[in-house]
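Listed below are the residues making up each chain.
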Amino acid sequence: MEKAMNEICDMLDTYTGRDKIVRTLCYTTKLAAGLYVNKDPDFSKKLAIFSSKMSQTRATLRLFDDLPMLAYSLNYGTGAKEPDRIMGLIGFITNMIDHVYYPVDKICWMIEYKLLQVKNPDRWDTINSVFWVASIYLNLMKTIRSYTVMEQHKTHINKPENESSHALRMLHVKQRMELISIVRLSLDLVHAGSTLPSGMLWGGRFESWQVGLIGTVSSFIGLYQYFAKKRIAAAKSS
C-alpha cells in the first residue's frame, strides 16, 4: 500500500504524470456522462462539467509547453541520433508541426475565454485539430518505423546462442512497448480525427460516450506505459 502511494505521489510530482492523471479523469467522466445521459440526466450533466473542467485544465497547462518543446527540438535537431534516417526525418517534421500547433492552441484558448475576438472561431478550432491530427499521425508512422527497424535488427541477433542474452531480452521489451504505443497512438488518431468538422475524415461521427471510451482506453494504456517504463529503467540500473 505504501509503495503504491509513493508511486502515485511521484507521478503527481511530475508534469507528465499529472497530465496523465488529469487526462484519465477527463475521459473516464466523459464516458460515464455519455452512459448516464438517459438514466440520470442530472448526474450525467455533473460528470460532463467535471470532464470539461479537466480538459480545460490540460489546455491551460499546455500554455507552458513552448519552451520545453523548443529545448527538445534543439536537442533533437534533424534526428541524427535516431537509429534510422526515415525516423529522424519524421521526427524533425513532427517537431516543426508541434511548434506551429502550440501557438494556434494558445489562440484557441484565448478565444474560448473571450480574451481574443476573431471573426470565425470555428476556423481556429479546425486548424488546431488539423495540426493535432498531423502530429499524432506522424508520431504513429515514426513508431511503426521504429518497430520495423527493431524487427530487422532482431533477425540479426535472434540466434540460438543469443536467446538468453540481455540485449535480446531488452530488444523484445522495447519492441513490445512500441507495439503498445502503436495501439495507443491509433486510438489517439481516431479521437483527434473525430474533432474535425463534418466532411473531414470521420469528424463529428462519434457520440460523446464513444469519444470518452476511446480516450479512456488510450489513457489507461498511457498509465500502464508510464509505470512500465519506470520498471524497465529500474531493471537497467540494477
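Scroll up to find the structure this text is about.
No experiment lies behind these values; they were computed from the predicted model shown.

(A) Looking closely at the packing of aromatic side chains. With the rule as written, the count across this model stands at five aromatic pairs. Considering the side-chain rings of W109 and Y113, the 5.1 Å spacing of their centres and the 50° angle between planes classify their relative orientation as tilted. Ring centres of Y226 and F227 lie 5.3 Å apart, and the angle between their planes is 90°; on these two criteria the pair is classed as edge-to-face. The exposure class of Y226 is buried, given its relative accessible area of 15%.

(B) A look at the nonpolar core. The biggest cluster of nonpolar side chains holds eight residues, and these are V133, I136, L140, I182, L185, L189, A192 and L196. Every element with two or more residues in this core is listed here: α6 (121-157) and α7 (166-194). Per element, the largest residue contribution to this core is four residues, and it comes from α7. Among the nonpolar cores identified, the runner-up in size contains five residues, and M170, V173, M177 and I232 belong to it.

(C) Examining the pattern of salt bridges more closely. If you walk through the whole model with that rule in mind, you get seven salt bridges. The shortest N-O distance in the salt bridge between D66 and K106 comes to 2.1 Å. Of this pair, D66 sits in helix α4 (residues 66-76) while K106 is found in helix α5 (residues 85-112), placing the two residues 40 residues apart along the sequence. A single network of salt bridges, built from pairs that share partners, joins R23, R184 and D188.

(D) Inspection of the environment of R176 at higher detail. Residue placement: R176 occurs in helix α7. Between the alpha carbons of R176 and K106 there is a distance of 35 Å; along the sequence they are 70 residues apart.

(E) Fine view of the side chain of T216. Structurally, T216 can be placed in helix α8 (residues 208-237). Those residues in contact with T216, other than ones at most four positions away along the chain, are Y27, T28 and L31.

What counts and how
Residues numbered from 1 in each chain as written. Predicted model: local features only at pLDDT ≥ 70, side-chain atom pairs only at ≥ 80, totals over all residues. Heavy atoms only, no water. Phe/Tyr/Trp six-rings, centres within 6.5 Å; stacked < 30°, edge-to-face > 60°. Buried < 20%, exposed > 50% of the residue type's maximum accessible area, 1.4 Å probe, protein only. Core = buried A, V, L, I, M, F, W, Y, C linked by side-chain atoms within 4.5 Å. Helix = DSSP H or I, 4+ residues; strand = E, 2+ residues; numbered from the N terminus. Salt bridge = Lys/Arg side-chain N within 4 Å of Asp/Glu carboxyl O. Contact = heavy atoms within 4.5 Å.

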